[in-house]
Amino acid sequence: MNIYIAAILIAGIPSLAHGQSSTGNVECPCLPADYFEYHDNWDAPVDYETKIGASKDPKQYGIGCSEHDVDAQICSDANDCTLIVPLPPECDKSFCKRSWCYVDPDNCSRLHNPSSLFKDRHYSYATCGELDQFTYTERLKSLKDRTFQ
């Protein structure tokens, strides 16, 4: 009985892989919000509200390991695809429920990619212990309706 209770308690605790915290893996720490105040223009890109939504503060978006896109505009149409088989690339929204953060590419030994939203920013799912499904999905979408020889 005690093992059963312990298993329930452990299962309910969010886990992070060794060396990871809400600020990312020690080998690739998430950037703090104040980093961008000195290195970035805080004006959100023109398409920020279209892709992310007006309710999300661009100064907090991507700060710390979190599911930043879970309620973002780009993830809101995920239910429109539930009846399509096979699932087309534009319907893969598995990245929406994965934690990620912005990182310094010069101080990150984990997988990271340039942001498609903010110039001169790099994001990493790996530092938060997640797989980068976003990049995979975006690459597949870029190949849609193209012919290769």
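Just above, that's the structure.
Below is a short write-up of the structure.

Definitions and cut-offs
- Residues numbered from 1 in each chain as written.
- Predicted model: local features only at pLDDT ≥ 70, side-chain atom pairs only at ≥ 80, totals over all residues.
- Heavy atoms only, no water.
- Disulfide = S-S within 2.5 Å.
- Helix = DSSP H or I, 4+ residues; strand = E, 2+ residues; numbered from the N terminus.
- Buried < 20%, exposed > 50% of the residue type's maximum accessible area, 1.4 Å probe, protein only.
- Pairing = 2+ DSSP bridges.
- Phe/Tyr/Trp six-rings, centres within 6.5 Å; stacked < 30°, edge-to-face > 60°.
- Lys NZ or Arg CZ within 6 Å of the ring centre and 35° of its normal.

## Section: the state of the cysteines
Here is step 1: Considering all chains together, one arrives at four disulfides under this definition.
Here is step 2: What pairs with Cys 65 in a disulfide is Cys 128, and their sulfur atoms sit 2.0 Å apart. What sets the handedness of the Cys 65 and Cys 128 disulfide is the S-S torsion sign, and at about -85 degrees it is left-handed. Placement of the pair is Cys 65 in the loop between helix H3 (48–51) and strand S3 (101–103) and Cys 128 in the loop between strand S5 (122–124) and helix H4 (133–143), with a sequence separation of 63 residues.
Here is step 3: Take Cys 65: its relative accessible area is 17%, and that puts it in the buried class.
Here is step 4: Each disulfide pairs two cysteine sulfurs, and for Cys 75 the partner residue is Cys 96, the sulfurs being separated by 1.8 Å. Of note, the bridge from Cys 75 to Cys 96 carries an S-S torsion of about -90 degrees and is left-handed in sense. Of the two residues, Cys 75 sits in the loop between H3 and S3 while Cys 96 sits in the loop between H3 and S3, which places them 21 residues apart along the sequence. Across the pair, exposure class does not vary: Cys 75 and Cys 96 are buried alike.

## Considerations on the sheet that holds strand S4 (residues 113–114)
For sheets, the rule is that strands pair by backbone hydrogen bonds, running either parallel or antiparallel.
Here is step 1: Spatially, three strands are ordered S3-S5-S4 in an open sheet, and the strand pairing comes out antiparallel. Each edge of the sheet is formed by a strand with only one pairing partner; in this case those strands are S3 and S4.
Here is step 2: Sheet analysis places S3 next to S5, joined by three bridges and oriented antiparallel. Looking at S5, one finds that Tyr 102 is bridged to Tyr 123.

## Some remarks on the packing of aromatic side chains
Here is step 1: As enumerated under the stated definition, the model contains nine aromatic pairs in all.
Here is step 2: A ring pair is formed by Tyr 61 and Tyr 102, whose centres lie 6.4 Å apart and whose planes are at 70 degrees; its orientation type is edge-to-face. A residue pair is termed long-range when its members are at least 10 positions apart, and Tyr 61 in the loop between H3 and S3 and Tyr 102 in strand S3 qualify at 41 residues. The exposure classification of Tyr 61 matches that of Tyr 102, with both residues buried.
Here is step 3: Ring geometry for Tyr 123 against Tyr 125: centres 5.8 Å apart, planes inclined by 90 degrees, an arrangement best described as edge-to-face. Take Tyr 123 and Tyr 125: they sit in the same class, and that class is buried.
Here is step 4: Here the basic side chain of Arg 121 rests over the ring of Tyr 102, its NZ or CZ set 5.2 Å away from the ring centre.

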